[in-house]
Amino acid sequence: MDAFASALMVVGAVFALIGAWGQLRFHDVFVRIHLATKPATLGLALVLTGALLQTDGVAPITKLALAIALQFATAPIAGHLIGRAAHLAGEADDLDLVVDDLAAARARRAGAGTEPGTDPSDDERSS
């Protein structure tokens, strides 16, 4: 079990290293958001799973499991919100996007003259 936990930790560290390298290598904000959330989240989950396999006791296991769950719950949501804010700020204007679902919301906002975040028609949950 020690070898498997160690392997999980090493693989997790490699994923985190890939995410960090991508942050330095790429300049597109959307690629950097992807690299900040996907490999880093998986890397942390693998490292914490390896630590979970090495840990004895209910309290440390609960804390590690909670850390994994919170990482999977918060990182993708934060990445999505940062990406949406970057798109609305105009970071996607010079990119060749195949599908741009936020362009219509942005056009409505520009036509209505409303401040960002105040147009209730942009809220997907209200429809």
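As a reminder, the structure under discussion sits directly above these lines.
Keep in mind it's a predicted model, so treat the numbers as computed, not measured.

A. Examining the packing of helix H1 (residues 2–25) against helix H2 (residues 29–54) more closely. Where H1 contacts H2, the axes come no closer than 7 Å and their chain directions differ by 165°. It follows that H1 is roughly antiparallel to H2 by the angle criterion. Considering how the two elements wind past one another, H1 and H2 form a crossing that is left-handed. When grouped by side-chain class, the residues that make up the contact of H1 with H2 number 16 nonpolar, 8 polar and 2 charged.

B. Summary view of the side chain of Thr55. Relative to the assigned elements, Thr55 resides in the loop between H2 and helix H3 (58–88). A polar side-chain atom of Thr55 sits 2.5 Å from the main-chain carbonyl oxygen of Ala51.

Here is what the cut-offs are and how they apply
- Residues numbered from 1 in each chain as written.
- Predicted model: local features only at pLDDT ≥ 70, side-chain atom pairs only at ≥ 80, totals over all residues.
- Heavy atoms only, no water.
- Axes fitted to C-alpha atoms, helices over the stretch in contact; angles between N-to-C directions.
- Helix = DSSP H or I, 4+ residues; strand = E, 2+ residues; numbered from the N terminus.
- Parallel < 35°, antiparallel > 145°, perpendicular 65-115°, else oblique.
- Left-handed = near helix turned anticlockwise from the far one by under 90°.
- Nonpolar A, V, L, I, M, F, W, Y, C, P; charged D, E, K, R; others polar.
- Polar contact = N/O pair within 3.5 Å; in protein donor to acceptor, adjacent residues only side chain to side chain.

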